[in-house]
Amino acid sequence: MKSTTTFAREVQQDPVDATDKPDGGVPRPSLVCHLAILTATFCALVFYAHYALQGNMASVIVSSLPLISSVAVDQNSVPPEQPVVLNEEHAPLTAQATVFETSRSTTPPAAAPAPAPSDRCDGHYIYMYDMPARFNDDLIRDCGNLHPWLDMCPYSANDGLGMPLGDEGDVFPGRGWYSTDQFMLDFIFHSRMKRYECLTNDSSLAAAVFVPFYAGLESGRYLYNHSTSVRDLLQLDAIDWLVRRPEWGVMGGRDHFLVAGRTTWDFRRKADLDELWGTKLLRYPAVENMTVFVLETSPWNGTNLAIPYPTYFHPETGADVLAWQEKVRKAHRRWLFSFAGAPRPGSNKTVRGEIIRQCRASSHCNLFHCGGGVVVGGGSADCNSPAGVMRIFESSQFCLQPRGDTATRRSTFDAIVAGCIPVFFHPGSAYTQYTLHFPRDQGRYSVLIPHAGLTAGNVSIEETLSKISPEEVRRMREEVIGLIPRVVYADPRSRRVGFRDAFDVAVEAVIDRVAKRRRGEADDGREH
């Protein structure tokens, strides 16, 4: 804000020297005399100001005038005070945004004022393509056909969050809870990006370029019982559209990123054989140049980055997060450990069968056997019930997270949101995946029980967890509770988020990656 410096001055007439008159009185100067003096003074000032300004001497004249009122100093001319975080009512979408306040000063501005503060979006601008509707909006309009046997329309409501959840017996108090499908991330991320405060229409200013193609939702339509040509059709169309854009040619797509909200294995078909699973989106050379966010990445490919599965919690503000953190911090956890899931008969990639056996044999474990009857303590064992799953996790100290169809599970993030310490049985379930969102020191927030010991039958889960001291359990739980903001996706409709969520972490990571590429530095996407 530019301030106008106003100088006031008083013109005070000194009394005229007395001249003795024969009658001893003091003569009064005439009105004409007064006017002549004032006119001469004014003309002299105008004359001096004109030539002083031309000779860069304006400051001499100004400094010679007396200051009567306080001076409002230009904000740019004094050092700013400490940054003040925006309050929730005015906070923009990015949590790192701050405002600077400056005090009014009676000190006149320096002769050489400091340069204007830089644009806070400098280096963080995102250019987002306006893609044809067939690549995104049309898919949502046709939500009834996004899944072969499930109506996805209820899950596409509220910008991809799904339908609001009720209180469910105090499981979901307050706002921000939705019945969110784990594969809705394409839509959620795009909805959030539309309100990103550093969007730009000038791609030359952009730190990265976002491609709003719903690759995960699109592929889900045809993963089952469709030919490879049908599965690949729209994805090839999207690639062809991209590579024809002038923005693509700047870096050959190496500054582009998109979100494909499924695991990497749904996009890595090795050959054009109908009996093989998935599409081959991530195998096309053009897409290999891009950064693709997926729910689970390949350990042999550093191009793609894994980001959290969507949970049921989508807070509008930082206050919503704080209230929830306090709730789970105080939760009564009657169970040492729990498992929510179903067995995978015939699979040699998981130890679920042994986990279920040990849980059933322990009086300290609560088994939520999906589709397998009732839960210990009451309730139906329906893993599609948000309240049922969260109630189990909120009442447990540790939550077991074995591999399933793939290495990772949405359940890991549901457990963290519930303040339950995750127990992994393979590093690929989290440690080699979510390097952007989880701490490097895995022992701070989780437990690893190598699956080989369980397979051999010589490791007791209960005994292993019981050896962890209560003090260490409290410390680990506090670490887990601290992770909640960075693993949830804030409500994309909110303009006062006020905290750094999973979206912010991902965007910052891709901006950093593109910057390294521009500098010619190597990157593998595995940095924090």
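As a reminder, the structure under discussion sits directly above these lines.
What counts and what doesn't
Residues numbered from 1 in each chain as written. Predicted model: local features only at pLDDT ≥ 70, side-chain atom pairs only at ≥ 80, totals over all residues. Heavy atoms only, no water. Helix = DSSP H or I, 4+ residues; strand = E, 2+ residues; numbered from the N terminus. Buried < 20%, exposed > 50% of the residue type's maximum accessible area, 1.4 Å probe, protein only. Contact = heavy atoms within 4.5 Å. Areas by Shrake-Rupley, 256 points an atom, 1.4 Å probe, with all protein chains shown as cover. Phe/Tyr/Trp six-rings, centres within 6.5 Å; stacked < 30°, edge-to-face > 60°. Lys NZ or Arg CZ within 6 Å of the ring centre and 35° of its normal. Core = buried A, V, L, I, M, F, W, Y, C linked by side-chain atoms within 4.5 Å. 1 Å grid on protein atoms, 1.4 Å probe; cavity = no way out; pocket = protein on both sides within 12 Å on 5 of 7 lines; lining within 4 Å. Points joined across faces, edges and corners; volume = space filled by probe spheres on them. Nonpolar A, V, L, I, M, F, W, Y, C, P; charged D, E, K, R; others polar. Pairing = 2+ DSSP bridges. Axes fitted to C-alpha atoms, helices over the stretch in contact; angles between N-to-C directions. Salt bridge = Lys/Arg side-chain N within 4 Å of Asp/Glu carboxyl O. Disulfide = S-S within 2.5 Å. Parallel < 35°, antiparallel > 145°, perpendicular 65-115°, else oblique. Left-handed = near helix turned anticlockwise from the far one by under 90°.

### Details of the overall build of the chain
Alright, step 1. A tally of regular secondary structure across the chain gives 17 helices and twelve strands.
Alright, step 2. Counting the 528 residues in the chain, one finds 47% classified as buried.
Alright, step 3. Across the chain, the fraction of contacts at a sequence separation of at least 24, relative to all contacts at a separation of at least 6, is 72%.
Alright, step 4. Entry remark: accessible area of the chain is about 26,200 Å², with carbon and sulfur atoms responsible for 54%.

### Some remarks on the packing of aromatic side chains
Alright, step 1. As enumerated under the stated definition, the model contains 25 aromatic pairs in all.
Alright, step 2. Grouped by ring-pair contacts, the aromatic residues Tyr 309, Phe 413, Phe 424, Tyr 431, Tyr 434, Phe 438 and Tyr 445 constitute a single cluster.
Alright, step 3. Across from the ring centre of Phe 183, 4.1 Å away, lies the NZ or CZ of Arg 262, which sits over that ring.
Alright, step 4. Against the face of Tyr 312 rests Arg 410, its NZ or CZ located 4.0 Å from the ring centre.

### Examining unusual backbone geometry
Alright, step 1. Positioned with a positive phi, Asn 158 is a non-glycine residue whose angle comes to about 55°.
Alright, step 2. Of note, Asn 158 is situated in helix α4 (residues 153-160).
Alright, step 3. Looking at Asn 158, the relative accessible area reads 26%, which means it is partly exposed.
Alright, step 4. One non-glycine residue, Asp 159, adopts positive backbone phi at about 60°.
Alright, step 5. Tracing the chain through its elements places Asp 159 in helix α4.

### A closer look at helix α12 (residues 386-394)
Alright, step 1. With eight of nine residues buried, α12 is to be regarded as a mostly interior element.
Alright, step 2. Buried residues of α12: Pro 386, Ala 387, Gly 388, Val 389, Met 390, Ile 392, Phe 393 and Glu 394, and no others.
Alright, step 3. For α12, the secondary structure elements touched by its buried residues are α10 (318-330), β8 (335-341), β9 (365-369), β10 (396-401) and α13 (411-417).

### Focus on the nonpolar core
Alright, step 1. Counting 103 residues, the largest nonpolar core has Phe 189, Phe 398 and Leu 465 as the members making the most contacts within it.
Alright, step 2. For this core, the element with the most residues is helix α17 (residues 502-518), which contributes nine residues.
Alright, step 3. The residues touching Phe 189, leaving out its near neighbours within four places in the chain, are Phe 210, Phe 257, Val 259, Ile 307, Phe 503, Ala 506 and Val 507.
Alright, step 4. Among the nonpolar cores identified, the runner-up in size contains 26 residues, and Met 131, Phe 135, Phe 267 and Leu 281 belong to it.

### Some remarks on empty space enclosed by the protein
Alright, step 1. Applying the stated rule across the entire model yields five cavities of 30 Å³ or more.
Alright, step 2. Size it by volume and the largest cavity reaches roughly 70 Å³.
Alright, step 3. Together, Leu 146, His 147, Met 152, Asp 181, Phe 183, Gly 216, Leu 217, Gly 220 and Arg 262 line the largest cavity.
Alright, step 4. Its residues assigned to classes, the lining of the largest cavity comprises four nonpolar, three polar and two charged.

### Let's talk about the sheet that holds β8
Alright, step 1. Pairing in this open sheet of five strands is parallel, and the strands run β9-β8-β10-β11-β12 from one edge to the other. Two strands in the sheet have a free side with no partner beyond their single neighbour: β9 and β12 (447-448).
Alright, step 2. Of the pairings in the sheet, the one linking β8 to β10 comprises three bridges and is parallel in character. Following the sheet pairing, Trp 335 is matched in β10 by Ser 396.
Alright, step 3. Against the sheet, helix α11 (residues 352-361) contacts β8, β9 and β10, and its axis sits at roughly 130° relative to β9.
Alright, step 4. Seen against the sheet, α12 touches β8, β9 and β10 and runs at an angle of roughly 120° to β10.

### Here's the deal with the layout of surface pockets
Alright, step 1. Within this model, the largest pocket holds a volume of roughly 1,300 Å³.
Alright, step 2. Along its surface, the largest pocket is lined by 39 residues, and Gln 182, Phe 183, Arg 344, Asn 384 and Asp 405 are the ones closest to its centre.
Alright, step 3. Residue assignment for the lining of the largest pocket shows that the elements contributing at least two residues are β8, α12 and α13.
Alright, step 4. Residue contributions to the lining of the largest pocket peak at three residues, all from α12.

### Section: the pattern of salt bridges
Alright, step 1. As enumerated under the stated definition, the model contains 30 salt bridges in all.
Alright, step 2. Note that Asp 138 is salt-bridged to Arg 141, the shortest N-O span being 2.4 Å. On the criterion of helical spacing, the pair formed by Asp 138 and Arg 141 is a turn pair, its members being three residues apart in helix α3 (residues 137-141).
Alright, step 3. A network of salt bridges, in which partner residues are shared, links Asp 232, Arg 269, Asp 272 and Lys 280.

### Section: the state of the cysteines
Alright, step 1. Enumeration over the complete set of coordinates arrives at four disulfides.
Alright, step 2. With its sulfur 1.9 Å from that of its partner, Cys 143 forms a disulfide with Cys 153. Here Cys 143 and Cys 153 share a disulfide; its torsion about the S-S bond, 95°, makes the bridge right-handed. Of this pair, Cys 143 sits in the loop between α3 and α4 while Cys 153 sits in helix α4, and the two are ten residues apart along the sequence.

### What about the packing of α4 against helix α5 (residues 185-193)?
Alright, step 1. Relative orientation of the contacting elements α4 and α5 amounts to 15°, with a least axis distance of 9 Å. Classified by the interaxial angle, the pair formed by α4 and α5 is roughly parallel. With respect to the hand of their crossing, α4 and α5 are arranged in right-handed fashion. Where α4 approaches α5, its residues Ser 156, Asp 159 and Gly 160 are matched on the opposing element by Phe 187, Ile 188 and Ser 191.

### So, the environment of Val 514
Alright, step 1. Counting through the fold element by element, Val 514 comes out in helix α17.
Alright, step 2. A C-alpha to C-alpha distance of 7.1 Å links Val 514 and Arg 254, two positions 260 residues apart in sequence.
Alright, step 3. Ignoring anything within four residues of it in the chain, the contact list for Val 514 reads Ala 207, Ala 208, Arg 254 and Asp 255.

### As for the side chain of Gln 325
Alright, step 1. You can see Gln 325 is positioned in helix α10.
Alright, step 2. Overall, the relative accessible area of 10% leaves Gln 325 in the buried class.
Alright, step 3. Those residues in contact with Gln 325 that lie beyond four places of it in its chain are Ile 481, Gly 482, Ile 484 and Pro 485.

### Things to note about the pairing of β8
Alright, step 1. Among the seven residues in β8, seven count as buried, and that is most of the element.
Alright, step 2. Relative to β9, β8 runs parallel, the two being bridged by five bridges. Its bridge partner being in β9, Phe 339 is matched across the sheet by Leu 367.

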